[in-house]
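Listed below, chain by chain, are the residues.
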Amino acid sequence: MIGLLQRVTAAQVVVEGAVVGAIDAGLMVLVCAEKGDTEKEADALLGKLLSYRVFSDDAGKMNRSVTDVAGGLLLVPQFTLAADTRSGTRPSFSPAAAPADGQRLFDHFVRQARARHGIVATGQFGADMKVTLTNDGPVTFWLQTGPSK
């Protein structure tokens, strides 16, 4: 599983002109399942992102997690994170999980996030989404769980 997390002051997802998910300060996370991923990788990614220290403490050091600051989570499915871009000028999406597996793992990820964190909003799997955010910093991190490639 891949998570591209961005510390934000606000973020939202719009589908067909309607806001389907929005948060104030917190993390906007693009989430991608790769072939071979299971609920184990999804749970590991969630655990890591909930405890990842990207928010400043009183001394200005990144020592607080989204859980510590009670920030929002906006989880957005994005299979393009699995793209193989090593050759040519057109990405290959063969490393991405099949759509049914991707949706199952994203839905599991969201259910687990809602069970463990207070503020969770989402994008819509398979939809043409318009994502807007104000990156705070900017602070962006790539997290990945699963076997090394």
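Numbering of residues begins from 1 in every chain and follows the order in which that chain's sequence is written. Confidence filtering applies because this is a predicted model: local features only for residues at pLDDT of at least 70, side-chain atom pairs given and counted only at 80 or more, and all residues used for totals across whole chains, interfaces and linings. For side-chain calculations, the full set of non-hydrogen atoms in the structure is used, while hydrogens and water are omitted.

Next up on the list: helix α1 (residues 39–51). Put simply, DSSP marks the helices as runs of H or I at least four residues long and the strands as runs of E at least two long, and each gets a number from the N terminus on. Expected helix span is taken as 1.5 Å per residue step, with the number of steps being one fewer than the number of residues. Its 13 residues give α1 an end-to-end C-alpha distance of 18 Å, which sits within 8% of 18 Å, the value for a rise of 1.5 Å per residue. In this scheme, a residue with accessible area under 20% of its type's maximum is buried, one over 50% is exposed, and one in between is partly exposed, where area comes from a 1.4 Å probe on protein chains only. Residues of α1 that are buried: E41, A42, L45, L46, L49 and L50. For α1, the angular spread of buried residues about the axis comes to 160 degrees, placing them on one side. Contacts between residues were defined by any pair of non-hydrogen atoms, one from each residue, lying within 4.5 Å. In the core, the buried residues of α1 are packed alongside β1 (2–15), β3 (26–32), β6 (72–77), α2 (99–116) and β8 (129–144). Starting at the helix axis, one direction is taken to each C-beta atom, and the arc is that of these directions.

What follows is about the nonpolar core. It is characteristic of soluble globular proteins that their nonpolar side chains tend to be buried jointly. To qualify as a nonpolar core, a set must consist of buried Ala, Val, Leu, Ile, Met, Phe, Trp, Tyr and Cys residues joined through side-chain atoms within 4.5 Å. Within the largest apolar cluster, 25 residues are counted, with the highest numbers of intra-cluster contacts made by M1, L27, V29, L49, L73, L75 and F109. At the level of elements, β3, α1, β6, α2 and β8 are the ones that each hand at least two residues to this core. The residues touching F109, leaving out its near neighbours within four places in the chain, are M1, V31, A42, L45, L46, L49 and L75. V13, L30, L74 and A121 belong to the second largest nonpolar core, which has 17 residues in total.

A carboxyl oxygen of Asp or Glu within 4 Å of a side-chain nitrogen of Lys or Arg is what we treat as a salt bridge. Throughout the structure, instances matching the rule amount to six salt bridges. For R7, the salt bridge goes to D136, with nearest N and O atoms at 3.5 Å. Taken together, the residues R7 in strand β1 and D136 in strand β8 connect sequence positions 129 residues apart. Judged by relative accessible area, which is 31%, D136 ranks as partly exposed.

Taken residue by residue, a regular strand's side chains alternate between the two faces of the sheet. In terms of residue burial, β6 counts as a mostly covered element, since six of its six residues are buried. The alternating pattern of β6 places G72, L74 and V76 on one face and L73, L75 and P77 on the opposite face, and all of these are buried. Two elements, β3 and β6, share six bridges in a ladder whose sense is parallel. Paired with L27 across the two strands is L73, which belongs to β6. Note on pairing: two strands pair once DSSP finds at least 2 bridges between them.

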